[in-house]
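Residues per chain, in single letters:
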Amino acid sequence: MEPIEKSELKDEKKDQEQPKEEEPKEKDSIKPSQEKIKLPKRKYAIIHGYFGQDYSGNTKNPGVHTVEEELENALYKEKFISPCNYGNLKKINWMRASRTDKGVSAIMNVISVKLHKYPDVDEIDMKEKLNKVLPKDIHIFRIIEVSDHFDSKDNNNNREYHYILPTFLLERKNEENKDFIKYEDYKPNYGYKLTEEDINKLKEICKIFLGTKKYHNYTQKVGFSDMSSQRHIIEMNCDDIIDLGDFQAIKFKIIGQSFLYNQIRKMIGMIIDLMRYGKDMDYLKNSFLSNKYEIPKAPGEGLYLKNIDYSKYNDRKLNKKNNIFLTTEDEKEMEEFRNELVQKIKRTELEQKAFSAWLWKLDYKRDLVVN
């Protein structure tokens, strides 16, 4: 195994916090100036995906590498953003549908932004130009010209997340030998397969998460009495078992109106806690009450944003330029991207021990995974 990190990078700001604006800086020969491109601006929705393993989240933040930093640089290089506006997202009405934190990926995220419109460049041309200059782990699937009042965050109904969890994290821990095991001697059981009893218990756990509940124990700095702790889970299931060759995985599907910072990772952490240590369902149910719980936060590498739902916006009859949609070809392209992401999640374990290192911490250094 790789030697374990002795220190952890700090997670990004809370989901509800606004990102700090970053001063223009030079990167890859980009030299911001006060020059202004003399072309009209139009608002666009940019549907894109990214592998988040090498990024400190998607939201632009000074001093760290983010997805939005790369997107902004690409738009600037292709002259869709004026030099005088480069480095200040507010000036171009930049808004993302959902924030994702360090290591988390997306198959479909959406930003709305005002860009310069060229008479001889349509949305397909824009997509091709931008994909050529973007890193390979960020890909644009579709660009749509939208009405000025469209907001990618406020106009969506709900968000769908998936978590690909290696099933060896769910194996019941043998409590007969409680001696401390050094990390270099720790061996994950890649051969573990879920039993029918395991699957039935996981399905029961998913049912308990459904509906409106208090998630103060599943985030940071939010109390039980704080109304913002209340979140609604529309759907949660674990119907797909995935054979990754070297080990088995299970996919959790979670759909909600909105999520708190780290909420889903802690929901998965709770599931691992229940399965690995044989805790009963009351332990989970009580976590939504005023009790204080220290719930482990599952690795970000297994989580990705799968879909943003704009069906209610699309059903509107007035004050709308275009629907937010994907063509059959876009969906095919997106599915290929998703399949590649699943393989990348597998490699993060085989090459970097992202999940087994976390499991060692859960077993022997729990305080490192509950903050």
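Bear in mind the structure is a predicted one, so any value in this text is a computation, not a measurement.

Thresholds applied
- Residues numbered from 1 in each chain as written.
- Predicted model: local features only at pLDDT ≥ 70, side-chain atom pairs only at ≥ 80, totals over all residues.
- Heavy atoms only, no water.
- Helix = DSSP H or I, 4+ residues; strand = E, 2+ residues; numbered from the N terminus.
- Contact = heavy atoms within 4.5 Å.
- Polar contact = N/O pair within 3.5 Å; in protein donor to acceptor, adjacent residues only side chain to side chain.
- Core = buried A, V, L, I, M, F, W, Y, C linked by side-chain atoms within 4.5 Å.
- Buried < 20%, exposed > 50% of the residue type's maximum accessible area, 1.4 Å probe, protein only.
- Pairing = 2+ DSSP bridges.
- Disulfide = S-S within 2.5 Å.
- Axes fitted to C-alpha atoms, helices over the stretch in contact; angles between N-to-C directions.
- Nonpolar A, V, L, I, M, F, W, Y, C, P; charged D, E, K, R; others polar.
- Expected span 1.5 Å × (residues − 1).
- Salt bridge = Lys/Arg side-chain N within 4 Å of Asp/Glu carboxyl O.

(A) Seen up close, the environment of Lys214. Its place among the elements puts Lys214 in strand E6 (residues 211–214). If we ignore the near neighbours within four places in the chain, the residues touching Lys214 are Phe224, Ser225, Asp226, Met227, Ser229, Gln230, Ser287 and Phe288. Reaching out from Lys214, the side chain makes a polar contact with the backbone oxygen of Phe224 at a distance of 2.9 Å.

(B) Fine view of the nonpolar core. Phe209, Phe252 and Ile271 are the most contacted members of the largest nonpolar core, which has 105 residues in total. Excluding residues within four positions of it along the chain, Ile271 makes contact with Leu170, Leu202, Ile205, Phe209, Met236 and Phe252.

(C) Representation of the pairing of strand E9 (residues 303–309). Among the seven residues in E9, five count as buried, and that is most of the element. Relative to E9, strand E3 (residues 105–116) is paired through two bridges, and the arrangement is parallel. Within E9, the residue paired with Ser105 across the bridge is Tyr304. Here strand E5 (residues 158–166) runs beside E9; their pairing, made up of six bridges, is antiparallel. In the strand pairing of E9, Tyr163 is matched with Leu303.

(D) Structural context of the state of the cysteines. This structure, assessed with the given rule, holds zero disulfides. Its sulfur unpaired, Cys238 is 3.9 Å from the next cysteine sulfur, which belongs to Cys206. Residue Cys238 is classed as buried on the basis of its relative accessible area, which comes to 3%.

(E) Quick peek at the packing of helix H7 (residues 328–352) against helix H8 (residues 354–364). One way to put it is that H7 packs onto H8 with a least axis distance of 5 Å and a crossing angle of 65°. Counting all contacts with H7, which are made through Ile345, Thr348, Glu349 and Gln352, the residues of H8 involved are Ala354, Phe355 and Ser356. Taken together, the residues of the contact of H7 with H8 sort by class into three nonpolar, three polar and one charged.

(F) Region of interest: H7. If you check H7, its first and last C-alpha atoms are 35 Å apart, about what 25 residues at 1.5 Å a residue would give, namely 36 Å. Those residues of H7 that fall on the buried side of the exposure criterion are Asp330, Met334, Phe337, Arg338, Leu341, Val342, Lys344, Ile345, Lys346, Thr348 and Glu349. Positive backbone phi, approximately 60°, marks Lys353, located one or two places after H7.

(G) Just the pairing of E5, in detail. Counting buried positions along E5 gives nine out of nine residues, so the element sits mostly inside the fold. Here E5 shows a buried face lined by Asn158, Glu160, His162, Ile164 and Pro166 and a second buried face lined by Arg159, Tyr161, Tyr163 and Leu165. With eight bridges connecting them, E5 and strand E8 (residues 248–256) associate as antiparallel partners. Within the sheet, the bridge partner assigned to Arg159 lies in E8 and is Gly256.

(H) Representation of the pattern of salt bridges within the structure. Summed over the entire model, instances satisfying the criterion amount to 17 salt bridges. Here Glu145 and Arg42 are joined by a salt bridge, their closest N and O atoms 4.0 Å apart. Here Arg42 lies in strand E1 (residues 41–50) and Glu145 lies in strand E4 (residues 138–145), a separation of 103 residues in the sequence.

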